[in-house]
Amino acid sequence: MRFDADYSMTIDGRAVDTAARLKVIDPATERSITSVPDAGAAELDAAVAAARAAFPGWRGLALDERRALLRAIAGAISDNIESLAKLLTAEQGKPLAEARGELEGASYWCESIASFDLPTIVSEDSDERQRVTYRVPIGVVAGIVPWNYPMLLGVWKIAPALLAGNTVVVKPSPFTPLTMLKLGELLRDILPPGVLNVVTGGDQLGPLITAHPGIDKVSFTGSTATGKRVMASCAANLKRVTLELGGNDPAIVMPDVDVEAVAEQLFWAAFSNSGQICIATKRLYIHEAIYDRLKAAIVAVAERVRVGNGTDADVRLGPVQNRQQYERVRALIADSHANGHDFLIGGDISDGPGFFIPVTIVDNPPENSRVVQEEAFGPVLPLLKFAHVDEAIARANDTIFGLAASVWSADVEQATAIASQLEAGTVWVNEVQNLSPFAVFGGHKQSGLGAENGLEGVLEYTNPQTISIHKAGRQVTPSDGAVPA
Ligand code: NAD
C-alpha cells in the first residue's frame, strides 16, 4: 500500500516542507510507502521560534482553557482512529488491532492528563509573610520519540507539557514519522499557531534539538546509549531532561502459580509488539519445580501465534520495525546458536522480504550470555531456571537496567515482599505492562532519569517558583528571625 498524501511538518500552525525528503519503509515489505520532510537547522530554528512566540499566550490561558484544548486533541485522535491506525500499521508494522489500541491509549492519555491540577503549596501564612510555591511552565519543550509506540509515547510528552503551559516541538523517529505528522496536521485548526510544532528529519535532527539554545527542556524516550548523549548535549545550557530509556525486565515466577493460566500472560508479556516494548519481559525466571511444565505451556501458546504482515486479520505479531533492529536481534540469536544454546521454538530466520523474526525462545541459557544480559527489543526470550527466590532476586537485579519487573505467585503477600526487593521503577504482581496516566512511571539505574505520568510526570514540565510576600506594616530583617533569601 502507498500513502501518497503530502506529509508536511507543522510549524507555527502551517504546513512546512523541505526539498530533501526521507523515505518511509513498510517493515513488512521493505518497500518505500511515501516520503516525509527532512528538516535541518533552518526548519528547527523556525519551529523553536514559533514555539517561543506562542509561549506567553499559551501560558497565559487559564488552566481550564488548556484542559479543554487537550480534550480536543483526544477527540481529534479518536475521530480519526481508523485512518491513523492504517498509517501506524504501515509505518510501524504492528497488527491493525494493536495500532487501534495504541491510538485509543493516546486519546485516553490526553483526556486523563487534562484532569490534573498543578498544586500550589503554602508553606507559610503568618502575620508577617505569605510564602507560596507555584508550578510554572519551563518554556519550549522538545519531545524526542522512538519508533515502537510513535503516537502513544509522543502524547505522553505533548499532553503534560501543554497542560503545564509549555509550548512544544516534537520529533518522531525517522522510521515512524507519519502518524505524528498527521496529528500535527489535524491540530492546525485546533491549537493556536506555534503551540505544537512537529518536525521530522534524519539522524542530524536529534542532536540539533538537544544543542538548541532556544529549547528549555528535552523529554526523550529511546535507548540508554542515546539517552546519555542527549543528557551530555543538554548540559550546555542546563536544559531540563526527562529520560525514559531501555530495560531488561525480569519476571519471577514462583512454584505456586496456576501454570496454564499464567503461560498465556507471560507469553504476551514478552512478545507483544514483537518484543519491542521497553517494559517487555526480557528475562523469565521460573522456579525449577514448575520449569518444565511452564516451558511447555508457553511454547504451546507460541505455536498458535501467527507472525506476518500486520494488515492480515489473523496476524498477532508483525515484523521488527527496521533493518537496524532486525540485524541486532538476528545477531543475538546467532550468538545463542554459536554458543550451543537450546532453542525451544524459533531461531531460524528467513531472508525476507520484510523484517520478520519468528517467536524465539531459548531454554535456560547461561546467565552471562548475550541473550540474557542485553536488551533484545525483539521477539526473543530466554527462560531461566532458579532454585531459591533469593537467588532469583539477585539475578534479576544484576543489571544496569531498572525499568520494570513482575512477580507471579498465588501468595500475594510473598509476591509483594519479593517485588519490594526488585530494583525497578514499576513492579507488577500477577500482571504486567499495565500502565496508567495517573501512576508515575520511570526507570531506576540506567533505565532513565525523572519520570512520566502521574502528578510527578506532569510536574517534570514545570519549574517550582516560590513567591514570598511580606505583609504590610512591618519590615522583616534577618535579625527578626527571617531567613534571608
Ligand atoms: P533511539 O535511542 O535510537 O532513538 C530514539 C529517538 O532519538 C529517535 O527519535 C531518534 O531519531 C532520536 N535520536 C537518535 N540519536 C539522537 C541523538 N544523538 N540526539 C538526540 N536524539 C537522537 O531508540 P529507538 O531505537 O528509537 O527505541 C528503542 C529504545 O527505546 C529501546 O532501548 C527501548 O527500551 C527504549 N524505549 C524506552 C521506553 C521507556 O519509556 N523507558 C519506551 C520505549 C522505548
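Residues numbered from 1 in each chain as written. Predicted model: local features only at pLDDT ≥ 70, side-chain atom pairs only at ≥ 80, totals over all residues. Heavy atoms only, no water.

> Which parts of the structure should I look at to understand the overall build of the protein chain?
When its secondary structure is counted, the protein chain shows 15 helices and 22 strands. Scaling as 2.2 N^0.38, a compact globule of 485 residues should have a C-alpha radius of gyration of about 23 Å, and the protein chain matches this with 24 Å. Of all 485 residues assigned to the protein chain, the portion counted as buried reaches 56%. A separation threshold of at least 6 residues defines the contact pool for the protein chain, and within that pool the share at least 24 residues apart is 73%. For the protein chain, the accessible area works out to roughly 19100 Å², and carbon and sulfur atoms hold 52% of it. Charge centroids of the protein chain, computed over 41 positive and 58 negative side chains, lie 5 Å from each other. (Helix = DSSP H or I, 4+ residues; strand = E, 2+ residues; numbered from the N terminus. Rg over C-alpha atoms; globule rule 2.2 N^0.38 Å. Buried < 20%, exposed > 50% of the residue type's maximum accessible area, 1.4 Å probe, protein only. Contact = heavy atoms within 4.5 Å. Areas by Shrake-Rupley, 256 points an atom, 1.4 Å probe, with all protein chains shown as cover. Lys, Arg positive; Asp, Glu negative; His and termini not counted. Charge placed at Lys NZ, Arg CZ, Asp CG, Glu CD.)

> Would you take a moment to explain the environment of Thr-224 for this structure?
Tracing the chain through its elements places Thr-224 in helix α8 (residues 224-234). Taking the relative accessible area as the measure of exposure, Thr-224 reaches 9% and is therefore buried. Residues Thr-224 and Gly-247 lie 23 residues apart in sequence; the distance between their C-alpha atoms is 8.5 Å. Those residues within four positions of Thr-224 in sequence are excluded, and the remaining contacts are Leu-245, Gly-246, Phe-401 and Gln-446.

> Looking at this model, I keep getting lost on the packing of helix α3 (residues 81-92) against helix α4 (residues 96-113). Mind explaining?
Helix-helix packing is described using two parameters, namely the angle between the two axes and the distance between the axes. At a minimum axis distance of 8 Å, the contact between α3 and α4 shows a crossing angle of 120°. Classed by the angle they form, the pair α3 and α4 counts as oblique. Considering the relative orientation of α3 and α4, their crossing is right-handed. Contact residues: α3 offers Ile-81, Glu-82, Leu-84, Ala-85, Lys-86, Leu-88 and Thr-89, while α4 offers Leu-96, Ala-99, Arg-100, Glu-102, Leu-103 and Glu-104. For the contact of α3 with α4, the class distribution of residues is 7 nonpolar, 1 polar and 5 charged. (Axes fitted to C-alpha atoms, helices over the stretch in contact; angles between N-to-C directions. Parallel < 35°, antiparallel > 145°, perpendicular 65-115°, else oblique. Left-handed = near helix turned anticlockwise from the far one by under 90°. Nonpolar A, V, L, I, M, F, W, Y, C, P; charged D, E, K, R; others polar.)

> How should unusual backbone geometry be read in this particular structure?
Negative phi characterises most residues that are not glycine, and trans characterises most peptide bonds. Cis geometry marks the peptide bond from Gly-352 to Pro-353; its omega dihedral reads 5°. Its place among the elements puts Pro-353 in the loop between β14 (342-345) and β15 (360-363).

> How should helix α11 (residues 323-338) be read in this particular structure?
Note on helix geometry: an α-helix contains 3.6 residues per turn, so any two residues three or four positions apart are oriented the same way. With 16 residues, α11 extends 22 Å between its outermost C-alpha atoms, agreeing within 8% with the 22 Å of an ideal straight helix rising 1.5 Å per residue. Along α11, the residues that are buried comprise Gln-325, Tyr-326, Val-329, Leu-332, Ile-333, Asp-335 and Ser-336. The inward-facing, buried residues of α11 abut β14, β15, α12 (370-373) and β16 (380-386). The opening residue of α11, the one whose side-chain oxygen lies 3.3 Å from the backbone nitrogen of Gln-324, is Asn-322. Looking at the residues trailing α11, positive phi occurs at Gly-340, about 70°. (Expected span 1.5 Å × (residues − 1). Polar contact = N/O pair within 3.5 Å; in protein donor to acceptor, adjacent residues only side chain to side chain.)

> Help me understand the confidence of the model for the protein chain, please; the structure alone is not making it clear to me.
If pLDDT is low for a region, its predicted coordinates should not be looked at in detail. Model confidence for the protein chain is summarised by a mean pLDDT of 96, while 96% of its residues fall at 70 or above. This model gives residues 480-485 a pLDDT under 50, and the stretch forms 6 contacts once residues within four places in sequence are excluded. (pLDDT = per-residue confidence, 0-100.)

> Please clarify how the site of the ligand should be interpreted in this entry.
Close to the ligand lie 29 residues, the nearest being Val-145, Lys-171, Thr-226, Leu-245 and Glu-375. Take Val-145: an N or O atom from its main chain is 2.7 Å from an oxygen atom of the ligand. A distance of 2.8 Å separates an oxygen atom of the ligand from a polar atom in the side chain of Lys-171. In the complex, 88% of the free accessible area of the ligand, which totals 850 Å², lies under the protein chains. Those elements that place two or more of their residues in the shell around the ligand are α7 (205-211), β10 (217-221) and α8. A breakdown of the residues in the shell around the ligand according to their chemical character gives 15 nonpolar, 10 polar and 4 charged. Residues lining the shell around the ligand come from more than one domain, with at least three contributed by each of domain 1 (9-245 + 447-466) and domain 2 (250-429). (Near = heavy atom within 4 Å. Domains from an automatic or database assignment.)

> Explanation requested: the sheet that holds strand β5 (residues 121-125) in the structure shown.
Through backbone hydrogen bonds, the strands of a sheet pair up, either in parallel or in antiparallel fashion. Strand order in the open sheet formed by 3 strands is β5-β6-β22, with antiparallel pairing between adjacent strands. Two strands in the sheet have a free side with no partner beyond their single neighbour: β5 and β22 (462-470). Mean inter-strand twist for the sheet, computed between neighbouring axes without regard to direction, equals 20°. (Pairing = 2+ DSSP bridges.)

> Looking at this structure, how should I read the domain arrangement of the protein chain?
Interface size is commonly expressed as the accessible area that is lost once the parts come together. In terms of domains, the protein chain is made up of domain 1 (9-245 + 447-466) and domain 2 (250-429). Centre-to-centre separation of domain 1 and domain 2, based on C-alpha positions: 31 Å. Between domain 1 and domain 2, the residue contacts involve 20 residues of the former and 28 residues of the latter. When domain 1 packs against domain 2, the two sides together hide about 2000 Å² of surface, and 54% of this comes from carbon and sulfur. Together, Glu-30, Trp-147 and Ser-447 form the three largest contributors to the area buried by domain 1 at its contact with domain 2, with a combined 28%. Arg-323 serves as the salt-bridge partner of Glu-30, at 3.0 Å between the closest nitrogen and oxygen. When residues of the side of domain 1 that touches domain 2 are assigned to their parent elements, the largest contribution, 3 residues, is made by α3. Counted by class, the side of domain 1 that touches domain 2 contains 8 nonpolar, 8 polar and 4 charged residues. (Buried area = accessible area lost by both parts, 1.4 Å probe. Salt bridge = Lys/Arg side-chain N within 4 Å of Asp/Glu carboxyl O.)

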